[in-house]
Amino acid sequence: MVSLSARLGPAIYMAGGLALVGAAGYGFVALAGHTLAPAAAAALASLYLMVNIIGPGVFSALEQETSRSVSAEAAAGRGIGAVARHAWLLAAGLLAVLLVVLLLVSPILTDQAFAGQWGLFAAVLLSVVTSAAVYVVRGLLGGTQRFTGYSATLAAEGVVRIVPCVVIAALGMPDPTWYALIFAAGSGFGAAAGLLWLRRGTPRPRPVEPRDVEPPSVRRMAHALSLLVGGTLLMLIVSNVAPIVVTARLPEDAATAAAFASAFVLARIPLFLFAPVQAMLLPSLTRAATAHDFAAVRARLRVILMAVLAIGLLGVLASFTVGPWAVQVLFGAEVRLSTAVVGLLGVSTVGLMTGLVLQPGLIALGAHKSVTAAWLAGTVVLVALLALPGDPIRAGVLAQLVGATLVVVIMLRALSKALRGGGQPVSATAGAEVTTTSG
């Protein structure tokens, strides 16, 4: 019983944190739909999706590389101090670059996506700063398998994102700028909660069978990170950009644009919640890859994929049966979308979730380039299909389905090749592909 409790405890805590983050995301978009005009609600839905593209697109890659590097260091019997210092340094550099880029594109971004509301752009800047902090903290917690502390970051983020917004709405003072700023600040509170856990001290897991694992360096970690940043940004474009494009293509039909954005958010809720699942999967895969235990890598991926498909099928069924009703009732949409639109968005979500299971397997094996290549191919196809003439809604749904399918096919082939190669375990901070041994 003690062993079962110890095994299930972190998963239960993570589930609770995920539930709070998911409720906060749903509540934020639903609250905007019920308390704001359609144009303002569509702008906030675009902000919600953009926050999930820009900040996490860069810094969730840093979380994954930090977690992988920490796991490899722990497997080699070393401490994580050097990895932590490198992670914070890289976070500061990425933050500076990202803020400059956002400021340069701010006029276009604010006009096209936020209906000219500069307060929403300020919220995007705030979200980038808070994301930098929370993803480094989560990388350190995930790599040391301190998932209770990781779940605390999720819980704090979710509570802070939604409770103040509900209070503002209850007082009869709904305001899109305040909603956006509060939502963006939530990640900062999540980082603070995680830092409290890190200050308690970091446990050192038992090393695996000794292997040649290079010590960390900023250069090698930056190289691996550059590949993951590209791949993760592309992944989030594939996952989230369709409603932004559809909204821009329907300037005279804000109600339909808002309905599509709400349906998209509803279908994507499982996807937005999936990063912590990667956080729990990546350390164990890295330790197995470091020990050359490729059978364990295959077995763990197989179990998670089966779970994803089972859960995904339930989500698809719900999307086809009650999806259009839920978009109108729960999100306050004024236009009822067809069953096919909402249902097929649910199907595309299953494909993206499958890709997010395969990705940590490739990262653990050092196949960072394959991750980037898969998401690049998916992005190219997605953008091409989104630009098709005719109905923007139809183009958006088709782009999601084809893009996600292509990503999964490429990742499956790359993973199969890496596992068959029986490669060398990757270094603590290297991002090179797995290579076969000679002699």
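For the structure, check the block above.
Our subject in this report is the structure included herewith. Computed from a prediction, not measured in an experiment: that's the story for all the values here.

Moving on: helix α4 (residues 118-143). Helix length check: α4 (26 residues) gives 38 Å between terminal C-alpha atoms against 38 Å at 1.5 Å per residue, within 8%. Of all 26 residues in α4, 20 are buried; the element is thus mostly enclosed. Positive phi shows up at Gln145, right after α4, with a value of about 60°.

The next subject is the side chain of Arg161. With respect to the helices and strands, Arg161 occurs in helix α5 (residues 147-170). Here the side chain of Arg161 touches Phe183 through a polar contact of 3.0 Å, landing on its backbone oxygen. Every residue in contact with Arg161, bar those within four places of it in the chain, is listed here: Ala24, Val51, Ile182, Phe183, Gly186 and Ser187.

Contact geometry for helix α2 (residues 38-75) and helix α3 (residues 81-113): axes closest at 12 Å, N-to-C directions at 165°. Of the possible angle classes, the one that applies to α2 and α3 is roughly antiparallel. For the pair α2 and α3, the sense of crossing is right-handed. Each of Ala43, Ser46, Met50, Ile54, Val58, Phe59, Leu62, Thr66, Ser69, Val70 and Glu73 in α2 lies in contact with α3, whose residues at this interface are Val83, Ala87, Leu90, Ala91, Leu94, Leu95, Leu98, Leu102, Leu109 and Ala113. Split by residue class, the contact of α2 with α3 holds 17 nonpolar, three polar and one charged.

Next up on the list: the side chain of Thr66. Position of Thr66 among the secondary structure elements: in helix α2. Polar contacts involving the side chain of Thr66 include one to the main-chain carbonyl oxygen of Leu62, which spans 2.7 Å. Excluding anything up to four places from it in sequence, Thr66 contacts Val83, Ala87, Gly139, Leu140 and Met221.

Side chains carrying opposite charge are able to pair once their charged atoms draw close together. Applying the stated criterion across every chain yields a total of three salt bridges. A salt bridge links Arg161 to Glu157, with the nearest nitrogen and oxygen atoms 3.8 Å apart. Of the two residues, Arg161 and Glu157 both sit in helix α5, four residues apart, roughly one turn of that helix. Owing to a relative accessible area of 10%, Arg161 belongs among the buried residues under this scheme. A cluster of three or more residues bridged by salt bridges with shared partners is formed by Arg138, Glu157 and Arg161.

It is worth spelling out the packing of aromatic side chains at this point. Applying the stated criterion to the full structure yields five aromatic pairs. A centroid spacing of 5.7 Å and a plane angle of 80° characterise the contact between Trp118 and Phe121, whose relative ring orientation is edge-to-face. Of the two residues, Trp118 and Phe121 are both situated in helix α4; the distance of three residues between them amounts to about one turn of the helix. Exposure remark for Trp118: the relative accessible area of 46% places this residue in the partly exposed category. What links up through ring pairs into an aromatic cluster is the set Phe28, Tyr48 and Phe183. Taking NZ or CZ as reference, Arg138 lies 5.6 Å from the ring centre of Tyr135, over its face. Of note, Arg161 hangs over the ring of Phe183, and the distance from its end group to the ring centre comes to 4.0 Å.

We now examine unusual backbone geometry. If a residue is not glycine, its phi is most likely negative; likewise, a peptide bond is most likely trans. Positive phi, close to 60°, is recorded for Gln145, a residue that is not glycine. Locating Gln145 in the fold gives a position in the loop between α4 and α5.

Residues Phe28, Leu44, Leu47, Phe59, Phe114 and Trp375 are the most contacted members of the largest nonpolar core, which totals 127 residues. At 15 residues, the largest contribution of residues to this core is made by α2. With near-sequence residues (within four places) excluded, Phe59 lies in contact with Ala91, Leu94, Leu95, Leu98, Val128, Ser131, Ala132 and Tyr135.

A few words on the packing of α4 against α5. Put simply, α4 and α5 touch, their axes get as near as 8 Å, and they point 155° apart. Taken together, the axes of α4 and α5 are roughly antiparallel relative to one another. For α4 against α5, the interelement crossing comes out left-handed. On the side of α4, the interface is formed by Val134, Val137, Arg138, Leu141 and Gly142, while α5 contributes Phe147, Gly149, Tyr150, Thr153, Leu154 and Glu157. In the contact of α4 with α5, the residues fall into six nonpolar, three polar and two charged.

We now examine helix α6 (residues 176-198). The terminal C-alpha atoms of α6, which comprises 23 residues, lie 35 Å apart, in line with the 33 Å expected from a rise of 1.5 Å per residue. Between the side-chain oxygen at the start of α6 and the backbone nitrogen of Thr177 there is a gap of 3.1 Å, and the oxygen is on Asp175.

Quick notes on the rules
Residues numbered from 1 in each chain as written. Predicted model: local features only at pLDDT ≥ 70, side-chain atom pairs only at ≥ 80, totals over all residues. Heavy atoms only, no water. Helix = DSSP H or I, 4+ residues; strand = E, 2+ residues; numbered from the N terminus. Expected span 1.5 Å × (residues − 1). Buried < 20%, exposed > 50% of the residue type's maximum accessible area, 1.4 Å probe, protein only. Polar contact = N/O pair within 3.5 Å; in protein donor to acceptor, adjacent residues only side chain to side chain. Contact = heavy atoms within 4.5 Å. Axes fitted to C-alpha atoms, helices over the stretch in contact; angles between N-to-C directions. Parallel < 35°, antiparallel > 145°, perpendicular 65-115°, else oblique. Left-handed = near helix turned anticlockwise from the far one by under 90°. Nonpolar A, V, L, I, M, F, W, Y, C, P; charged D, E, K, R; others polar. Salt bridge = Lys/Arg side-chain N within 4 Å of Asp/Glu carboxyl O. Phe/Tyr/Trp six-rings, centres within 6.5 Å; stacked < 30°, edge-to-face > 60°. Lys NZ or Arg CZ within 6 Å of the ring centre and 35° of its normal. Core = buried A, V, L, I, M, F, W, Y, C linked by side-chain atoms within 4.5 Å.

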